[in-house]
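Structural overview
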Amino acid sequence: MYRTLASGLPHNNRERVKHIGVGIVIGGKQNEAGRKQVQNWESVEFCMRNSHIEGMASGRLARSCCPLTHKCSEASPVLLFMIPLAVLFGFVSVMGPRASTSPVILSNHPWLWSSFSSSSSSSNNNQLKIDVVASKAKAVDLHSTVVMAGVEDKKEGLLSDPLNLNRSSSTPTAVQPAVRVQDQSNSTMEIDGLNISMSTTNKTLGVAVAAATNETHAVPMKAERKRAVTKLEKLEAGLQRARVAIKEASIGNQTQDPDFVPLGPMYWDSKAFHRSYLEMEQKFKVFVYEEGEPPVFHDGPCKSIYSMEGNFIYTMEVNKQFRTKEADKAHVFFLPFSVVKLVRFVYVRDSHDFGPIRRTVIDYVNLIAGKYPYWNRSLGADHFMLACHDWGPETSFSVPYLGKNSIRVLCNANTSEKFSPVKDVSFPEINLQTGGLTGLIGGPSPSRRSILAFFAGGVHGPIRPVLLEHWENKDEDIRVHKYLPKGVSYYEMMRKSKYCLCPSGYEVASPRVVEAIYTGCVPVLISEHYVPPFSDVLNWKSFSVALSTRDIPNLKSILTSISPRQYIRMHRRVVQVRRHFEFNSPPKRFDVFHMILHSIWLRRLNVRIQNDQSAVTS
């Protein structure tokens, strides 16, 4: 404890601590009255002769008195005059109003420097201001250093309760979380009953500071310079607006459309689908990697059972509405290899060695990942491949992230083979033997369909042998054939039938599903683990019949239990959804090409790509 206010302090601190009335300024300038008062205190040596002076505020300032001299008696009249003033002075010092604090922000980040304006505590405008010089020593976990000293109940006033931010008298500013603070000085000064201590301890402060007047001030920080919004963030913001629009559309009015308005129970949510489709038309962009050479890349079959694989690749290559040459504007990235062509040109026939196909896909992904940043940015989550060949799923597993993260557009949509309806797309297998739809579309009304159910096809896979075992040539209403009699047209038989049987073969998908829809025949899906095309939008139960293998023996009773009225509804719905399965060149709105794109669009809406190269599934 120091002996006197100023002269007892070390020499280098004398100019930093000055007594002015009942206030204290550390590091400030003293006024003229204060200077004279300090000089008087230094020139007068108090003699503690009278016992009633002991314990007074004035006596406490000089408890270790000097020996008595003749000056004491000479100063007695002066002391008689000054004692009442000293008593009054000490009383005001102890009982008078406290002053507020002015914390100072010290930081190794220049933009965090700030100051506080202290609030007046009473009409006498007395203030306590404490200025602390920061240490240059490094603090642990220091992001910004906040140093505060104040007076509250004769102690350092600190407040770390974050709830006080709600009672702030100034506008709160976003700051960093609680930071580590280290006070440099370690001293205690006792001056006129005001005990001010500064200890060398580490404290953790919140962003609020308590003034002695119980007012709470949020630490005003200079706002950081706004970071430039990246192209990816703009892209994601647009997708978020699309998500909101789709969600709002499901509870709003039906959007008008000059070409087609989806209505009816064939759609899970016709209004949401329509809004989503319009959002896709306005926003969706696809980047097609140009690397790779035909026939394996940028090419595919257009006149076979796998025709949709080649037709999509070709249409995507020449499309100007959805394809973009600017990769930064793309929502998804297309890997344009054809599995059909990989099997034909890379796979060694009858070798049973899948290695060449696997290595080709690995090399291609490594090529585009090394040349562009987009694969590594999302680990393939915004990339997609398309395959109608049975080996499509196996090809996708050549690259782990391709099978796990990427959007796989597959005809063979088999959940038992890791097909995930959340991220993968089921698209229809269409057998375009001539490359077009000539002679495939249309059929008679329900009243002119005399056959209850029809099937003709090869016997392969686990389901078809069971079907033929129970129904081949056994019932006139259930026409099941391995091979059609000579001269009987396959498509004419479908047009004469109410229901067309679509059993899975080696793989779950079958072109008979689309063939039935083309001819107005209600499809009967007999499969296990099959996800029908566009089932995220279409309610297949409203226009088709779904059966499992164990239902085959009861096939006739199941179909005849459907009332004629219900069958007519199902037939009408088949005709209404047919446009979604039609292939057109050039494409038309809501046709199969656009429905495939829309399914990819929906999967992209389920993913958020972040700048830290991580993908988050909604």
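Residues numbered from 1 in each chain as written. Predicted model: local features only at pLDDT ≥ 70, side-chain atom pairs only at ≥ 80, totals over all residues. Heavy atoms only, no water.

The name given to the chain in an unreviewed UniProt entry is Glycosyltransferase, with the source organism recorded as Citrus sinensis.

This part is about the nonpolar core. Counting residues in each nonpolar core, the largest one holds 114 residues, and the members touching the most others are Phe-312, Tyr-499, Ile-596 and Ile-600. No other element matches the 8 residues that helix H18 (residues 592-605) contributes to this core. Those residues within four positions of Phe-312 in sequence are excluded, and the remaining contacts are Phe-334, Phe-384, Leu-386, Phe-593, Ile-596, Leu-597 and Ile-600. Membership of the second largest hydrophobic core comes to 9 residues, among which are Ile-451, Phe-454, Met-493 and Cys-521. (Core = buried A, V, L, I, M, F, W, Y, C linked by side-chain atoms within 4.5 Å. Buried < 20%, exposed > 50% of the residue type's maximum accessible area, 1.4 Å probe, protein only. Helix = DSSP H or I, 4+ residues; strand = E, 2+ residues; numbered from the N terminus. Contact = heavy atoms within 4.5 Å.)

Attention now moves to the sheet that holds strand E19 (residues 497-503). An order of E18-E17-E19-E20-E21 is seen for the 5 strands of this open sheet, with the pairing classed as parallel. Across the chains shown, the open sheet's two edge strands, defined by having one partner strand only, are strand E18 (478-481) and strand E21 (545-547). The sheet shows a mean angle of 20° between the axes of neighbouring strands, taken without regard to direction. Looking at chain direction, E19 and strand E20 (residues 522-526) are connected through 5 bridges and run parallel. By the bridge assignment for E20, Cys-502 is matched with Leu-525. In the packing of helix H17 (residues 564-577) onto the sheet, the strands contacted are E19, E20 and E21, and the crossing angle to E20 comes to about 95°. (Pairing = 2+ DSSP bridges. Axes fitted to C-alpha atoms, helices over the stretch in contact; angles between N-to-C directions.)

So, on to the sheet that holds strand E13 (residues 332-334). Strand-to-strand pairing in sheets goes through backbone hydrogen bonds, with the strands running parallel or antiparallel. Taking strand neighbours across the sheet as the criterion, the 5 strands line up as E12-E13-E14-E15-E16 in an open arrangement whose pairing is parallel. The sheet is open, and its two edges are formed by strand E12 (286-288) and strand E16 (425-426), each paired on a single side.

Right, let's get into the pattern of salt bridges. Applying the stated criterion across every chain, the model contains 24 salt bridges. With a closest N to O distance of 3.5 Å, Asp-328 and Lys-231 form a salt bridge. One end of the pair, Asp-328, is in the loop between helix H7 (307-318) and E13; the other, Lys-231, is in helix H5 (residues 231-249), and 97 residues separate them in sequence. A relative accessible area of 55% means that Lys-231 is categorised as exposed. (Salt bridge = Lys/Arg side-chain N within 4 Å of Asp/Glu carboxyl O.)

It is worth spelling out the state of the cysteines at this point. Going through the model one piece at a time under the given rule, you end up with 2 disulfides. Each disulfide pairs two cysteine sulfurs, and for Cys-388 the partner residue is Cys-411, the sulfurs being separated by 2.0 Å. Note on the Cys-388 and Cys-411 pair: the S-S dihedral is about -90°, so by sign convention the disulfide is left-handed. With Cys-388 in the loop between strand E14 (383-387) and helix H11 (392-396) and Cys-411 in the loop between strand E15 (407-410) and E16, the pair connects residues that are 23 residues apart, well separated along the chain. Among the residues examined, Cys-388 registers a relative accessible area of 1% and is labelled buried. The disulfide bridge from Cys-500 ends at Cys-521, spanning 2.2 Å between sulfur atoms. Here Cys-500 and Cys-521 share a disulfide; its torsion about the S-S bond, 115°, makes the bridge right-handed. (Disulfide = S-S within 2.5 Å.)

Okay, helix H6 (residues 270-283) next. Helix length check: H6 (14 residues) gives 20 Å between terminal C-alpha atoms against 20 Å at 1.5 Å per residue, within 8%. Buried residues dominate H6, accounting for 10 of its 14 residues. For H6, the set of buried residues is Ser-270, Ala-272, Phe-273, His-274, Arg-275, Ser-276, Tyr-277, Leu-278, Glu-279 and Met-280. Check the buried side of H6 and you find it contacts H5 and H18. (Expected span 1.5 Å × (residues − 1).)

Right, let's get into the packing of aromatic side chains. Scanning all chains against the criterion turns up 26 aromatic pairs. Taking 5.6 Å as the distance between ring centres and 15° as the angle between the ring planes, the aromatic pair formed by Tyr-267 and Phe-273 counts as stacked. Here the aromatic rings of Phe-273 and Tyr-277 are separated by 6.3 Å at their centres, their planes lie at 65°, and the arrangement is edge-to-face. Placement of both Phe-273 and Tyr-277 in helix H6 is noted, with a separation of 4 residues, approximately one turn of the helix. Of the two residues examined, Phe-273 and Tyr-277, each falls in the buried class. By way of ring pairs, the aromatic residues Phe-260, Tyr-267, Phe-273, Tyr-277 and Phe-590 are connected into one cluster. The residue whose ring lies beneath Lys-418 is Phe-397, and the NZ or CZ to ring-centre distance is 5.5 Å. The positively charged end of Arg-579 is found above the aromatic ring belonging to Phe-260, 4.3 Å away from the centroid. (Phe/Tyr/Trp six-rings, centres within 6.5 Å; stacked < 30°, edge-to-face > 60°. Lys NZ or Arg CZ within 6 Å of the ring centre and 35° of its normal.)

This part takes up the pairing of E18. Bridging between strand E17 (residues 451-456) and E18 involves 4 bridges; their strand directions are parallel. Looking at the pairing, Phe-455 lines up with Val-480 of E18.

Along the chain, Pro-294 connects to Pro-295 via a cis peptide bond; the corresponding omega equals 10°. Along the chain, Pro-295 turns up in the loop between E12 and H7. Omega for the bond connecting Ser-585 with Pro-586 falls within 30 degrees of zero, at 0°, which places this linkage in the cis form. Relative to the assigned elements, Pro-586 resides in the loop between H17 and H18. Of note, the phi angle at His-352 is positive, near 60°, even though the residue is not glycine. Checked against the element boundaries, His-352 lands in the loop between helix H8 (339-345) and helix H9 (355-371). Under the relative-accessibility criterion, His-352 is labelled exposed at 74%. Positive phi outside glycine occurs at Phe-590, with the angle close to 70°. With respect to the element layout, Phe-590 can be found in the loop between H17 and H18. For Phe-590, a relative accessible area of 0% gives the class buried.

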